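Working through the structure, step by step
Here are the chains, one letter per residue:
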Amino acid sequence: MTELEIRKAIIENCLKMNATGLNQGTSGNLSARYKDVMIITPSGIAYEVLKPSDLATMPINKDYGSWDGPLKPSTEWRFHLDIMIERPDVGGIVHTHSTYATILSIAGKEIPACHYMIAAFGGPTIRCADYATFGTEELSANALKALKDRTGCILANHGMIATGANIAKAMWLAVELETIAKQYYQSLLIGGPNLLSEAEIANVMERFKGYGLQDKKSANSNAKPKTRAKTPAKTKAPAKTKAPGKTKAAAKPKVAAKRKAPSKARTQTKPRARKQA
Ligand SMILES: [Zn+2]
């Protein structure tokens, strides 16, 4: 992508983030890597009036505080920059105060392996970073610690961070993080989740590596009951009707998978496969 395309993608994702309710106002901020600089949203300006040239740039090095552009970079530039420095695999970062991730962050709860999609975050948990004041070096250090071997984390009493190879993937993961946060929160209201084992999350992570266009074929011929069993829990049906199915799915994934209609599982996983690729 050209620098202009990246700048446009950042703005598109800012607008998408607010349109979908993932973020309110200007509390969220986005950044993307372009060569040896980080392009980041400026602080305190409505996304609707943001132009590509309004985005700030900062060199991806430890020359902290150096920036270029017509407007000051987001007040959260520090952790954006430190993540870009420490994690060369990261090309895009989304930070938002999305409701459910923030509720869990207020309660100081990390997200356990309550759903197989947690594997998209690189392990069996989405950690909650210790609290530190926004914009500080301390918050950045805490976030980096929580992000170790992970693509996303929660920030205590604050919000969340999701990262990806580019801004679109980071945004996809931010939506996933908020979804799992909401599901985990609601499962706590009906007695708590049945957690998946670390071995199963490792298994799902392996499968995600090969996730791609061949997914439709493999869904027919080489179904993976353990991972598919959890899929129905992703739907937004009321907890009342879903609770029994979910309990059994988590407790006995193989049995539950056989009982669930495979067509439902396929439609659920197909769009995700594309974005994952
Ligand atoms: Zn924030």
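See the structure above.
This write-up is about the structure you can find in this document. Fair warning: this is a prediction, and the values are worked out from it, not measured in the lab. (Residues numbered from 1 in each chain as written. Predicted model: local features only at pLDDT ≥ 70, side-chain atom pairs only at ≥ 80, totals over all residues.)

1. Points about the nonpolar core
The condition that has to hold: Buried Ala, Val, Leu, Ile, Met, Phe, Trp, Tyr and Cys residues form a nonpolar core when they are connected through C-beta atoms within 7 Å. Exposure classes come from backbone-placed C-beta atoms, where a residue is buried if 20 or more other C-beta atoms lie within 10 Å of its own, exposed if 12 or fewer do, and partly exposed in between. The secondary structure listing takes helices from DSSP runs of H or I that are at least 4 residues long and strands from runs of E that are at least 2 residues long, numbered from the N terminus. The contact rule is simple: place each C-beta atom from the backbone, and if two of them lie within 7 Å, those residues are in contact.
Counting residues in hydrophobic clusters, the biggest one holds 61 residues, and the most contacted among them are I118 and C153. Take this core: its biggest share by element is 10 residues, from helix 5 (residues 167-189). Ignoring anything within four residues of it in the chain, the contact list for C153 reads I126, R127, A129, A143, A146, L147, M160 and I161.

2. Here we look at the sheet that holds strand 5 (residues 128-129)
Inclusion rule: Strands were regarded as paired on the criterion that DSSP finds at least two bridges between them. Whenever a helix is involved, its axis is fitted only over the stretch in contact; in every case the axis is a line through C-alpha atoms, and angles between N-to-C directions fall within 0 to 180 degrees.
What the seven strands build is an open sheet, ordered 3-2-1-4-7-6-5; its pairing is mixed. Pairing within the sheet leaves two strands with one partner each, and these edge strands are strand 3 (56-59) and strand 5. Here two bridges tie strand 5 to strand 6 (residues 152-155), and the two strands are oriented parallel to one another. Bridge pairing links A129 to L155 in strand 6. Across the sheet, helix 2 (residues 77-86) is in contact with strand 1 (29-34), strand 2 (37-40), strand 3, strand 4 (92-96) and strand 7 (159-164); its angle to strand 2 comes to roughly 145°.

3. Some points on the pairing of strand 6
The two faces of strand 6 match: G152 and I154 on one face and C153 and L155 on the other face are all buried. Of the pairings in the sheet, the one linking strand 6 to strand 7 comprises four bridges and is antiparallel in character. Within strand 7, the residue paired with G152 across the bridge is A162. Counting the residues between successive antiparallel strands, the hairpin from strand 6 to strand 7 contains three residues, one of them, N157, with a positive phi of roughly 50°.

4. A look at the packing of helix 2 against helix 4 (residues 137-146)
Inclusion rule: For classification purposes, angles smaller than 35 degrees are called roughly parallel, those larger than 145 roughly antiparallel, those between 65 and 115 roughly perpendicular, and all remaining angles oblique. A crossing counts as left-handed when the near helix is turned anticlockwise from the far one by less than a right angle, and as right-handed when that turn is clockwise. Residues are grouped as follows: nonpolar covers Ala, Val, Leu, Ile, Met, Phe, Trp, Tyr, Cys and Pro; charged covers Asp, Glu, Lys and Arg; every other residue, Gly included, is treated as polar.
Between helix 2 and helix 4, the shortest axis-to-axis distance is 8 Å and the interhelical angle comes to 45°. In terms of orientation, helix 2 lies oblique with respect to helix 4. Helix-helix and strand crossings are classified by hand; for helix 2 and helix 4 the assignment is right-handed. Counting all contacts with helix 2, which are made through R78, F79, D82, I83 and E86, the residues of helix 4 involved are E137, L139, S140, A143 and L144. When grouped by side-chain class, the residues that make up the contact of helix 2 with helix 4 number five nonpolar, one polar and four charged.

5. Re the packing of helix 1 (residues 3-19) against helix 5
Following both chains from N to C, one finds helix 1 and helix 5 inclined at 15°, their axes separated by 10 Å at the closest point. As the angle between them shows, helix 1 and helix 5 are arranged roughly parallel. Both helix 1 and helix 5 take part in a crossing whose hand is right-handed. Between helix 1, through A9, I10, N13, K16 and M17, and helix 5, the contact on the second element is made entirely by I167, A168 and M171. When grouped by side-chain class, the residues that make up the contact of helix 1 with helix 5 number six nonpolar, one polar and one charged.

6. Comments concerning helix 4
Which entries qualify depends on this criterion: Here the arc refers to the directions that run from the helix axis out to each C-beta atom.
Taken together, the buried positions of helix 4 are occupied by L139, S140, N142, A143 and A146. Viewed along the axis of helix 4, the buried residues span an arc of 165°, placing them on a single side of the element. Tucked inside the fold, the buried residues of helix 4 contact helix 2, strand 5, strand 6 and strand 7.

7. Observations regarding the pairing of strand 1
Of all six residues that make up strand 1, five are buried, and the element is covered over most of its length. Sheet topology note: the strand 1/strand 4 ladder contains four bridges and is antiparallel. What sits directly across from L30, in strand 4, is V94. A loop of two residues connects strand 1 with strand 2, the two strands running antiparallel in sequence, and K35 in this loop sits at a positive phi of about 55°.

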